[in-house]
Amino acid sequence: MSTPSSSTALRNLRWSDWLFAVVMLTLAVVCAFLGNWQMQRLGEKEALIAAVDSRLAAEPIPAPAAEQWGDLVMDDWNFQPVTLTGTYRYTQTVTVFTSLSTPRGRFSGPGYWVVTPFELDGGGTVFVNRGFVPQDYQEQAALGDLHGDDPGSVTVVGLFRPGEAIGMMAPEADMSNRIEWVRNPERLAAMVDPQLAPFAPFYVDLLAGGEGDLPQGGETVIAFPNSHFGYALTWYGFAIIAVVMVGAWLWQRSRPAPQAP
């Protein structure tokens, strides 16, 4: 018994079969493109991690001065150790709600970041996150009672951090209790004396102080989710599956119908 030629087999296919093949091959191309894009993102993420690791190991440098704030590229400074010289304005302290789940220090759980305006000797104000306090200390922190003697002009060292984005679900600030929900310089500026302007578009996380000190500094979260390789493999797998499926479908549909005995 003779077998059908390839041209005969192709003539057995209907327009709907060809449409299905085109759709599946298009899907395979899209999945391959997305896999390549995830591999590109993987390279970018690994470069970012390497850059941040290099910055964290570097010596502190002076933070950008007020005249540089308009042209800052935040990603180029993120996690850079910096120094600030100026004066804390403790009575203007704002507390930012948080929950510290993986602390480096003694305290954890629900609480607040203690963020105090730091008026620079050269002009302008930077918000300094002095660290974490448990929720029972919120009132003391907001009243500026957790600083000891006022040291006057000092030089502090911390990590440069871009302002946090304001999510759609972020509540309005509690002005009467000096409670905020995001470490965003624009929102923080609305809660302090406007005469401290201009305000930096970034804030600084202080490094760790003495053990058991409050606020508890050194709690900067340094984490970069990096699942791009797994996502790339998933997209490449979808592309392979699509090609195999269309091949199997066309082979099955092109076979002649069995002859009745």
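By the naming in an unreviewed UniProt entry, the protein chain goes by SURF1-like protein and is assigned to Devosia rhizoryzae.

Caption draft 1: Summary view of the nonpolar core. The biggest cluster of nonpolar side chains holds 18 residues, and the ones touching the most others in it are Trp69, Leu84, Tyr88, Phe118, Val126 and Phe202. Listing elements by their share of this core, those giving two or more residues are β2 (81-88), β4 (109-120), β5 (125-134), β6 (153-162) and β8 (199-206). Phe107, Val115, Phe132 and Val192 belong to the second-largest nonpolar core, a separate cluster that totals 15 residues.

Caption draft 2: Quick peek at a nonpolar patch on the surface. Taken together, Met39, Phe229 and Leu233 make up a surface patch of nonpolar side chains, about 280 Å² in accessible area. Among the secondary structure elements, Met39 is positioned in helix α2 (residues 15-56). By relative accessible area, Met39 is classed as partly exposed at 33%.

Caption draft 3: A look at the side chain of Thr125. Its place among the elements puts Thr125 in strand β5. The class for Thr125 is buried, based on a relative accessible area of 1%. A distance of 2.6 Å separates a polar atom in the side chain of Thr125 from the backbone oxygen of Leu196. For Thr125, the residues in contact, after removing those within four places along its chain, are Trp69, Pro117, Phe118, Glu119, Leu196, Pro198, Phe199 and Ala200.

Caption draft 4: Representation of the side chain of Asp205. Turning to its location among the elements, Asp205 is positioned in strand β8. For Asp205, a relative accessible area of 4% gives the class buried. Separated by 2.8 Å, the side chains of Asp205 and Asn129 make a polar contact. Of the polar contacts made by the side chain of Asp205, one reaches the side chain of Thr220; its length is 2.9 Å.

Caption draft 5: How the structure looks around the UniProt feature "transmembrane region" (unreviewed entry) in the protein chain. UniProt's entry tags residues 18-37 and 233-251 with the feature "transmembrane region" (unreviewed entry), counted in the numbering of this structure. With 100% helix and 0% strand, residues 18-37 has its two end C-alpha atoms placed 29 Å apart. The span residues 233-251 carries 100% helix and 0% strand; its end-to-end C-alpha distance comes to 27 Å.

Caption draft 6: Seen up close, unusual backbone geometry. Looking along the chain, the bond that leaves Ala197 and enters Pro198 is cis, with omega of 5°. The residue after Leu214, namely Pro215, is reached through a cis peptide bond having omega -5°. Following the sequence through the fold, Pro215 ends up in the loop between β8 and α6 (228-254). Positive phi values are uncommon outside glycine, yet Phe79 reaches one of about 70°. Considering the arrangement of structural elements, one finds Phe79 in the loop between α3 (74-77) and β2. With phi around 55°, Arg178 is a residue other than glycine that occupies positive phi space. With respect to the helices, strands and loops of the structure, Arg178 is situated in the loop between β6 and β7 (179-180). For Arg178, a relative accessible area of 17% corresponds to the buried category.

Caption draft 7: Up close: the environment of Pro103. Along the chain, Pro103 falls in the loop between β3 (94-100) and β4. Residue class for Pro103 comes out partly exposed when judged on its relative accessible area of 29%. Between the C-alpha atom of Pro103 and that of Glu219, which follows or precedes it by 116 residues, the distance is 6.5 Å. Contacts of Pro103, omitting those with residues within four sequence positions, involve Ser108, Gln216 and Glu219.

Thresholds applied
- Residues numbered from 1 in each chain as written.
- Predicted model: local features only at pLDDT ≥ 70, side-chain atom pairs only at ≥ 80, totals over all residues.
- Heavy atoms only, no water.
- Core = buried A, V, L, I, M, F, W, Y, C linked by side-chain atoms within 4.5 Å.
- Buried < 20%, exposed > 50% of the residue type's maximum accessible area, 1.4 Å probe, protein only.
- Helix = DSSP H or I, 4+ residues; strand = E, 2+ residues; numbered from the N terminus.
- Patch = residues over 30% accessible without salt bridge, like charges linked within 9 Å, V, L, I, M, F, W, Y side chains within 5 Å.
- Areas by Shrake-Rupley, 256 points an atom, 1.4 Å probe, with all protein chains shown as cover.
- Salt bridge = Lys/Arg side-chain N within 4 Å of Asp/Glu carboxyl O.
- Polar contact = N/O pair within 3.5 Å; in protein donor to acceptor, adjacent residues only side chain to side chain.
- Contact = heavy atoms within 4.5 Å.
- UniProt positions renumbered as here; feature names shortened; annotations may be inferred.

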